[in-house]
Amino acid sequence: MQGVPRRKVLQLGGAALTTSLAGCTSFLEQSSTSLSQVEIFNQRPEQHTAHLLIERNDEIVSWSSFELKQAANQQTDITKVDSRVIKDEWPEGSATFAIHVRLDAQTSWSSLTLDEQDKGCHEVLAVIDRTDEPRVSFFSSNDC
């Protein structure tokens, strides 16, 4: 019985590797950064005007302001407080995103940036939390 020549093994191995990787383009596409939605919640006992600015690759893609009602006494469950959802107002595809929130007449913004290091599709929560002074905290999940 004669063995298979080394050159033939290398040719077949290369063809098999190319074929096995052919369906992996969707994996490569998922290694990008995208934004599905931004949701803002008010956990504070007073009403606030929230100004939300979203940038995609340094271009403004969404800018809105809205009133968020006060939360009930000591209410910390974000499913039971006033909120707004902003989504699908920007082009799809990989990008760098900056999410900025300003409260009432404040001049400073609270910000979160998602860039090439933050792979995946992100949903961002911006929470006006119960601190001594109104403050916005950001949370991001990449399972959308």
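Residues numbered from 1 in each chain as written. Predicted model: local features only at pLDDT ≥ 70, side-chain atom pairs only at ≥ 80, totals over all residues. Heavy atoms only, no water.

**Q** So what's going on with the sheet that holds strand E6 (residues 110–114)? Residues and values would help.
**A** The sheet built from 4 strands is open, its strands ordered E3-E2-E5-E6 with antiparallel pairing. Two strands in the sheet have a free side with no partner beyond their single neighbour: strand E3 (59–68) and E6. Ignoring strand direction, the axes of neighbouring strands in this sheet form an average angle of 15 degrees. When strand E2 (residues 48–56) meets strand E5 (residues 97–103), the two strands line up antiparallel, connected through 7 bridges. Among the inter-strand pairings, His51 is bridged to a residue of E5, identified as Arg102. (Pairing = 2+ DSSP bridges. Helix = DSSP H or I, 4+ residues; strand = E, 2+ residues; numbered from the N terminus. Axes fitted to C-alpha atoms, helices over the stretch in contact; angles between N-to-C directions.)

**Q** Provide a residue-level description of unusual backbone geometry, including the pertinent values.
**A** Of note in this structure, Asp58 is not a glycine but carries a positive phi near 70 degrees. Counting through the fold element by element, Asp58 comes out in the loop between E2 and E3. At Asp104, a position not held by glycine, the phi torsion is positive, near 50 degrees. Residue position: Asp104 is located in the loop between E5 and E6. Look at Asp104 and you get partly exposed, because its relative accessible area is 32%. (Buried < 20%, exposed > 50% of the residue type's maximum accessible area, 1.4 Å probe, protein only.)

**Q** Quick rundown of the pattern of salt bridges? Include the residues and the values.
**A** For the structure on display, the rule yields 3 salt bridges. Between Arg44 and Glu46 there is a salt bridge; the shortest N-O distance is 2.5 Å. Looking at Arg44, the relative accessible area reads 7%, which means it is buried. Note that Arg84 is salt-bridged to Asp82, the shortest N-O span being 2.9 Å. (Salt bridge = Lys/Arg side-chain N within 4 Å of Asp/Glu carboxyl O.)

**Q** A description of the side chain of His48 should follow, citing residues and the corresponding values.
**A** With respect to the element layout, His48 can be found in strand E2. A distance of 3.1 Å separates polar atoms of two side chains, one belonging to His48 and the other to Glu46. With sequence-adjacent residues up to four places away left out, His48 is seen in contact with Asn42, Phe66, Glu67, Leu68, Asp104, Ile128 and Pro134. (Polar contact = N/O pair within 3.5 Å; in protein donor to acceptor, adjacent residues only side chain to side chain. Contact = heavy atoms within 4.5 Å.)

**Q** Give a description of the environment of Asn42 that names residues and reports values.
**A** Of note, Asn42 is situated in strand E1 (residues 33–42). Only 3.0 Å separates the side chain of Asn42 from the backbone oxygen of Lys69, close enough to count as a polar contact.

**Q** Tell me about the sheet that holds E1, and please be specific about residues and values.
**A** In spatial order, the strands read E4-E1-E7-E8; together these 4 strands make up an open sheet with mixed pairing. Every interior strand has two partners, whereas the edge strands, strand E4 (83–87) and strand E8 (135–141), have only one. Geometrically, the sheet is characterised by an average inter-axis angle of 20 degrees between neighbouring strands, direction not taken into account. Across 5 bridges, E1 lies against E4 in antiparallel orientation. In the sheet register, Val38 faces E4, and the bridge partner there is Ile86.

**Q** Describe the environment of Arg130, naming the residues involved and giving the relevant values.
**A** With respect to the helices and strands, the residue Arg130 is situated in the loop between strand E7 (120–129) and E8. For Arg130, a relative accessible area of 28% puts it in the partly exposed group. Along the sequence, Arg130 and Asn42 sit 88 residues apart, while their C-alpha atoms lie 8.9 Å from each other.

**Q** So what's going on with the nonpolar core? Residues and values would help.
**A** Counting residues in hydrophobic clusters, the biggest one holds 21 residues, and the most contacted among them are Leu35, Ile40, Leu52, Ile99 and Val101. Among the secondary structure elements, those contributing two or more residues to this core are E1, E2, E3, E5, E7 and E8. Here this core takes 4 residues from E5, the largest share from any one element. Each residue touching Val101, except ones within four places of it in the same chain, is listed here: Ile40, His51, Leu52, Ser108, Trp109, Ser110, Ala126, Val136 and Phe138. (Core = buried A, V, L, I, M, F, W, Y, C linked by side-chain atoms within 4.5 Å.)

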